[in-house]
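These are the residues of each chain, in order.
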Amino acid sequence: MAEMNGNGNNHLRTSGSLFGDIGLPTVIIAVFWVLTLVAGHFVGISMSTLVSDTIKRAGMNGILVLAMVPAIQSGTGPNFALPIGIVCGLLGLVTSIEMDMTGMAWLLTSFALAIPLAAAVGYGYGKLMNAVKGSEMTIATYTGFSIVALMCLAWLMIPFRNPKMGWFIGRGLRETIQLDAVGGAQILNKFLLFTVGDVIVPTGLLLTFAFFAFLVRLFFRSKLGIAISAGGINPKFAQAAGLNIDRNRILANVVSTILGAIGIIVYSQSYGYAQLYTAPLMMAFPAVAAILIGGATASRAKVSHVVIGVVLFQGLLTTALPVANEIFVGTDLSEIMRMIIQNGIILYALTQVKRGVQ
């Protein structure tokens, strides 16, 4: 009997260790996603379409989620001001179109213009985060909202003349700019694209995400990256060890803002459109939700959390909506279900933020 109890305790410890490493909520969401896939199979939805869409959406959103890692590791928490980086990326993108760039030249020019702009703006944002220590997430959220509102005026005032993105009457840029007009739509997705059965694998998109994930992982294994992480874990100890905490926090937010700028360019080329004005307003929340679902907390995040989180979050969104539409035949619940599912996941994610802070 004692032996049986010992074996039982070992099993419990093993299960507890497994959930401790992966996270029980992450396991529950993964199981729920699998169940929706099974439900989709029984209602006649093509599995290859669901898997293809999940892979594509994970690649589209991956770098935006990756932008959370530097901010979290530095101790400023999830970057709710992600729209700052996003508008920098969009500005680089439309400036590249104004310069009449097309194809791969358009993409590379967009990166080249967006990165220094994001670095400069990220520096200012990092200084702001140092000035409001203890209230970073609240201030970051409203900073993101403010920059989007400010850019709504800028998109109307910028004197760009390219007819591919201007209104037909009057001044300003259109809300949605088609990127196929400059040969930029799905330019990364189509690179080395192949199919496995009916599943489409956008190799270029995934390689781009993997490349930046590798760079971030490499950065946080460097001396500077370890110093940033040390400041995030225990600021007093790091300061006593001679580390410049404030400078490292600024640097982390510069990296996060740059990743946000790159991420929206990659996202837009995959989507086929660049969306301006209020479109970036809420884009930080799905990214925050994804990394926290992947197992990160408000104070610790790894690249593996990004990969797991973005696949689960986007997979669940991609799968649950068509399944819901098939179950509730004759109704158009897609937008309602999308909001319920997305906000439900974000609500869960915000509870994880609070736990992480504590």
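## Examining the overall build of the protein
Counting its secondary structure elements, the protein contains 14 helices and 4 strands. By residue count, 49% of the 358 residues in the protein fall in the buried class. Summarising the internal contacts of the protein: among those between residues at least 6 apart in sequence, 75% fall at separations of at least 24. Surface accessibility of the protein: about 17100 Å² in total, with carbon and sulfur atoms responsible for 68%.

## Describing helix α11 (residues 245-271)
Along its 27 residues, α11 runs 38 Å from first to last C-alpha, staying within 8% of the 39 Å computed at 1.5 Å per residue. Most of α11 sits out of view: 22 of its 27 residues are buried.

## A short note on the packing of helix α5 (residues 82-98) against helix α6 (residues 103-131)
For the pair α5 and α6, interaxial distance at closest approach is 7 Å and the crossing angle is 145°. Note that α5 runs across α6; the crossing there is right-handed. Counting all contacts with α5, which are made through Ile84, Cys88, Gly89, Leu91, Gly92, Leu93, Thr95, Ser96 and Ile97, the residues of α6 involved are Ala105, Trp106, Thr109, Ser110, Leu113, Ala114, Leu117, Ala118, Val121 and Tyr125.

## Examining helix α7 (residues 136-157)
Its 22 residues give α7 an end-to-end C-alpha distance of 31 Å, which sits within 8% of 32 Å, the value for a rise of 1.5 Å per residue. Every buried residue belonging to α7 is among Glu136, Ala140, Thr141, Thr143, Gly144, Val148, Met151, Cys152, Ala154 and Trp155, and all of these are buried. On its buried side, α7 packs onto α5, α6, α11 and α12 (284-293).

## Looking at the packing of α6 against α11
The contact between α6 and α11 brings their axes to 7 Å, and the two run at 145°. For α6 against α11, the interelement crossing comes out right-handed. A per-class count over the contact of α6 with α11 returns 17 nonpolar, 7 polar and 3 charged.

Cut-offs applied
Residues numbered from 1 in each chain as written. Predicted model: local features only at pLDDT ≥ 70, side-chain atom pairs only at ≥ 80, totals over all residues. Heavy atoms only, no water. Helix = DSSP H or I, 4+ residues; strand = E, 2+ residues; numbered from the N terminus. Buried < 20%, exposed > 50% of the residue type's maximum accessible area, 1.4 Å probe, protein only. Contact = heavy atoms within 4.5 Å. Areas by Shrake-Rupley, 256 points an atom, 1.4 Å probe, with all protein chains shown as cover. Expected span 1.5 Å × (residues − 1). Axes fitted to C-alpha atoms, helices over the stretch in contact; angles between N-to-C directions. Left-handed = near helix turned anticlockwise from the far one by under 90°. Nonpolar A, V, L, I, M, F, W, Y, C, P; charged D, E, K, R; others polar.

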